[in-house]
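# Commentary on secondary and tertiary structure
Residues per chain, in single letters:
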Amino acid sequence: MSDKKLSLEEVDHVAMLARLGLEPDEREMMREQLSSILDHISLLQSVDTSAIPPTAQVITLQNQMRADDVHDSLSLDEVMKNAPDSEDGMFKVRAVLE
Amino acid sequence: MSELINRSAVELRDLLDNGEISAVDVLDAHLARVEAVEASVNAFITITDDVARAQAQAADQRIKNGTAGPMTGIPVGLKDILCTTDAPTTAGSKLLEGYRSPYDATVVKMLREQDALFIGKANTDEFAMGSSTEHSAYQFTSNPWKLDHVPGGSSGGSAAAVSAQEVSVSLGSDTGGSIRQPAGFCGVVGLKPTYGRVSRFGLIAFASSLDQIGPFARSVEDAALLLGAISGKDPNDATSVDTAIPDYRATLGGDLTGVRVGVAEEYQIDGMDSRVEESVKQAIGELEKLGAEIVPISLPHTEHALATYYIIAPAEASANLARFDGVKYGMSLAQDNLLDTYLQTRGKGFGPEVKRRIMLGTYALSSGYYDAYYVQAQKVRTLIKRDFDEAFQNVDVIAAPTSPTVSFQRGARSADPMQMYLSDVFTIPANMAGIPGIAVPCGFADGLPVSLQFMGRAFDEATVLRVAHAYEQNTEWHTSNPPLDAQISTAS
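Every value quoted in this text rests on a predicted model; they were computed, and no experiment measured them. (Residues numbered from 1 in each chain as written. Chains lettered and ligands numbered in written order. Predicted model: local features only at pLDDT ≥ 70, side-chain atom pairs only at ≥ 80, totals over all residues.)

Turning to the overall build of chain B, a few remarks are in order. Summing up its helical and strand segments, chain B has 16 helices and 11 strands in all. For 492 residues, the compact-globule estimate of 2.2 N^0.38 gives 23 Å, and the C-alpha radius of gyration of chain B, at 21 Å, lies within 12% of that figure. The principal-axis extents of the C-alpha atoms in chain B amount to approximately 65 × 55 × 50 Å. Residues counted as buried form 63% of the 492 residues belonging to chain B. Residue pairs in contact within chain B that sit at least 24 positions apart in sequence constitute 77% of those at least 6 positions apart. (Helix = DSSP H or I, 4+ residues; strand = E, 2+ residues; numbered from the N terminus. Rg over C-alpha atoms; globule rule 2.2 N^0.38 Å. Buried ≥ 20, exposed ≤ 12 C-beta atoms within 10 Å, placed from the backbone. Contact = placed C-beta atoms within 7 Å.)

Next comes the structure, spelled out in structure tokens:
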């Protein structure tokens, strides 16, 4: 996995997964920089972890339960006040389905 | 009243409680300091003097009524990634310019309920991603010791504001060193508590298995004071832990007889500044003089911590930052269809470092790479944590450098992300294991502070603070202030 340079197609694929619109010069820069960072972090492949479980959490918390009580919550006005666009107390976006 | 900026928070507490000064006096002294130095330091994105003025009046009333808390009337800086209802919260990002949170972070609420004085929202690398605060979309913050040097990061504004005496104490957040490293660069105390000690509700999330909020101060005792004020279980943060909170200030004092201090060979690396190495060596000698037993230990997986971090943290960040979609809040660059709105908003709204990390994290989690990168990193994380578990069978704290170098000049590490990431090589392991770590001043190199780090067992901040306090009280490093006035008068 190391010493492999990402292709521009891979950069585009990951950018689309992440919903990041990149400019042409950014694509090239990402390709260079991510390849170099991946090169460095690929060293981890050399560690023998065959008998090691992945970390799930670092403290020993058990399930956190609470009573199913009704509490006050934020008002709709407060929640919506930062919305770029809204209508009738709902976030407004472009239609996804025609 | 200008001498009030030289007082520690605990000294101010006594003066306020004895009625010798008022909270309005404290506020005026600190706002005058902000007025004098902030144009050179640029620690704050937003100054909230109106908020602080109302709090000072309420604080004086509270003191008169006998209902003052530990933080009543104490000037505080808040990293601008902590949500506040009465000031914008930007996370250092253009994407959140003008964002006004409908709720306070729990730590903000706890301080607000005591009428601490909120002086301002401190600069940060965008979404806390960086080690120099140069990735803020708003401004560069200067290191008060040398104005053309960086304050460290990501909580660089919080560190610089305390160092420059604009506030007594401040809050930052630490995901891979973002409290301890800037504290070290600015010559102040910075504490990352145990994961779960302090509620993260209202801290804009970066990497949720690593993030923790903690204090900056000019003395260990002040850090202990602020830690006590923000610790505890919060129903709004399911990862906060319901465990006893010691009176941290009361545990300070005494020598180090019987305390076992671990020193790991893995914390000496190639490329380390020899002056840092020398200062830390001398500090360990000092601990021995104070009665501590120095125990050589090994943390064999330390060398893998950085790579592990740069998989896990970006992976979590890529998921956490999916919420910035231009629909619910923040910047929105509306296009003809929803997908293009996402692409444009996120492509233009995020800065280069944030995009780099989102890309890295998305890649590590993507089909075909998940096991090789993410799962492997979580397994190595287990090994890193086990190293600490084993070490703490034989020692009470571990002493190490906070950072391999002192502060660097602005721009010096901007071209190469990997070079910047190396700043955090000694702070990342504590986040990986969830354990507490504190940075305290331990020397100077060419007028720039050197910093010593103590790490301790999970939820044993008391021992970490006690050892740091004993070291601090027997050395002079914490007593000097940056030559800020001289630098400002030379520049003007």
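Still more ground to cover, so stick around.
With that out of the way, let us pick up the overall build of chain A. Looking only at helices and strands, chain A features 3 helices and 2 strands. The N-to-C order of helical and strand elements in chain A reads α-α-α-β-β. The principal-axis extent of the C-alpha atoms belonging to chain A is close to 55 × 45 × 25 Å.

We now examine the interface of chain A and chain B. Counting residues at the interface gives 41 residues for chain A, matched by 54 residues for chain B. Listed by contribution, the elements that provide at least two residues to the side of chain A that touches chain B are α1 (8–17), α2 (24–41) and α3 (76–80) of chain A. Residue contributions to the side of chain A that touches chain B peak at 7 residues, all from α2 of chain A. Classifying every residue of the side of chain A that touches chain B by side-chain character gives 27 nonpolar, 9 polar and 5 charged. (Nonpolar A, V, L, I, M, F, W, Y, C, P; charged D, E, K, R; others polar.)

Moving on, we come to helix α7 (residues 220–230) of chain B. Across the 11 residues of α7 of chain B, 10 count as buried, placing the element largely inside the fold. At the C-terminal side of α7 of chain B, glycine 232 of chain B shows a positive phi close to 130°.

Residues and elements named next belong to chain B. Membership of the largest hydrophobic core comes to 169 residues, with the highest contact counts inside it found for Val76, Val107, Leu117, Val189, Tyr310, Ile311 and Met359. Ranked by residue count, the leading element in this core is helix α9 (residues 305–320), at 10 residues. Every residue in contact with valine 107, bar those within four places of it in the chain, is listed here: Leu82, Leu171, Val198, Ser199, Ile213 and Ile230. (Core = buried A, V, L, I, M, F, W, Y, C linked by C-beta atoms within 7 Å.)

Strands in a sheet are paired, the pairing made by backbone hydrogen bonds, and the direction either parallel or antiparallel. Residue and element names in this part refer to chain B. Pairing is mixed in the open sheet, where 11 strands are placed in the order β1-β3-β2-β4-β6-β5-β10-β11-β9-β7-β8. The sheet is open, and its two edges are formed by β1 (44–47) and β8 (293–297), each paired on a single side. Neighbour-to-neighbour, the strand axes of the sheet open up by a mean angle of 30°, direction not taken into account. In the packing of α7 onto the sheet, contacts are made with β4 (169–173), β5 (189–192), β6 (213–217) and β10 (437–445), and the angle to β6 comes to roughly 150°. Sheet strands touched by helix α8 (residues 274–289): β7 (260–264), β8, β9 (397–401), β10 and β11 (448–456). Its angle to β10, the strand with the most contacts, is close to 115°. (Pairing = 2+ DSSP bridges. Axes fitted to C-alpha atoms, helices over the stretch in contact; angles between N-to-C directions.)

On to the pairing of β6 of chain B, then. All names here are of chain B. Within β6, 5 of the 5 residues are buried, which leaves the element mostly enclosed by the surrounding structure. Two strands pair when backbone bridges link them, and β4 and β6 are joined in this way by 5 bridges, in the antiparallel orientation. Counterpart to serine 170 in the pairing with β6 is phenylalanine 216. With 2 bridges joining them, β5 and β6 adopt antiparallel strand pairing. The residue bridging valine 189 from the neighbouring strand is alanine 217, located in β6.

All right, on to the environment of asparagine 42 of chain B then. Among the secondary structure elements, asparagine 42 of chain B is positioned in the loop between α2 (23–41) and β1. For asparagine 42 of chain B, the residues in contact, after removing those within four places along its chain, are Asn123, Gln139, Phe140, Thr141 and Ser142 of chain B.

The predicted model of chain B averages 96 in pLDDT, with 100% of residues at 70 or higher. Interface confidence for the predicted complex, expressed as ipTM, amounts to 0.95; the pTM equals 0.97. (pLDDT = per-residue confidence, 0-100.)

In this section: unusual backbone geometry. Most peptide bonds are trans, and most residues other than glycine sit at a negative phi. Residues and elements named next belong to chain B. The omega torsion of the bond from glycine 153 to serine 154 falls at 10°, within 30 degrees of zero and hence cis. Examined against the element boundaries, serine 154 turns out to sit in the loop between β3 (117–122) and α5 (156–163). Backbone geometry places alanine 91, a non-glycine residue, at a positive phi of 55°. For glutamine 165, which is not a glycine, the phi torsion comes out positive at approximately 60°. Inspection of the secondary structure puts glutamine 165 in the loop between α5 and β4. Among the residues examined, glutamine 165 registers 23 C-beta atoms within 10 Å and is labelled buried.

Glancing now at the packing of α7 of chain B against helix α15 (residues 461–473) of chain B. Residue and element names in this part refer to chain B. For the pair α7 and α15, the least separation of the axes is 9 Å and the interaxial angle reads 160°. Classified by the angle between their axes, α7 and α15 sit roughly antiparallel to one another. Between α7 and α15 the crossing geometry is left-handed. Across the interface between the two elements, Val220, Glu221, Ala224 and Leu227 of α7 pack against Glu461, Leu465, Ala468, His469 and Glu472 of α15. The residue inventory of the contact of α7 with α15, partitioned by class, reads 5 nonpolar, 1 polar and 3 charged. (Parallel < 35°, antiparallel > 145°, perpendicular 65-115°, else oblique. Left-handed = near helix turned anticlockwise from the far one by under 90°.)

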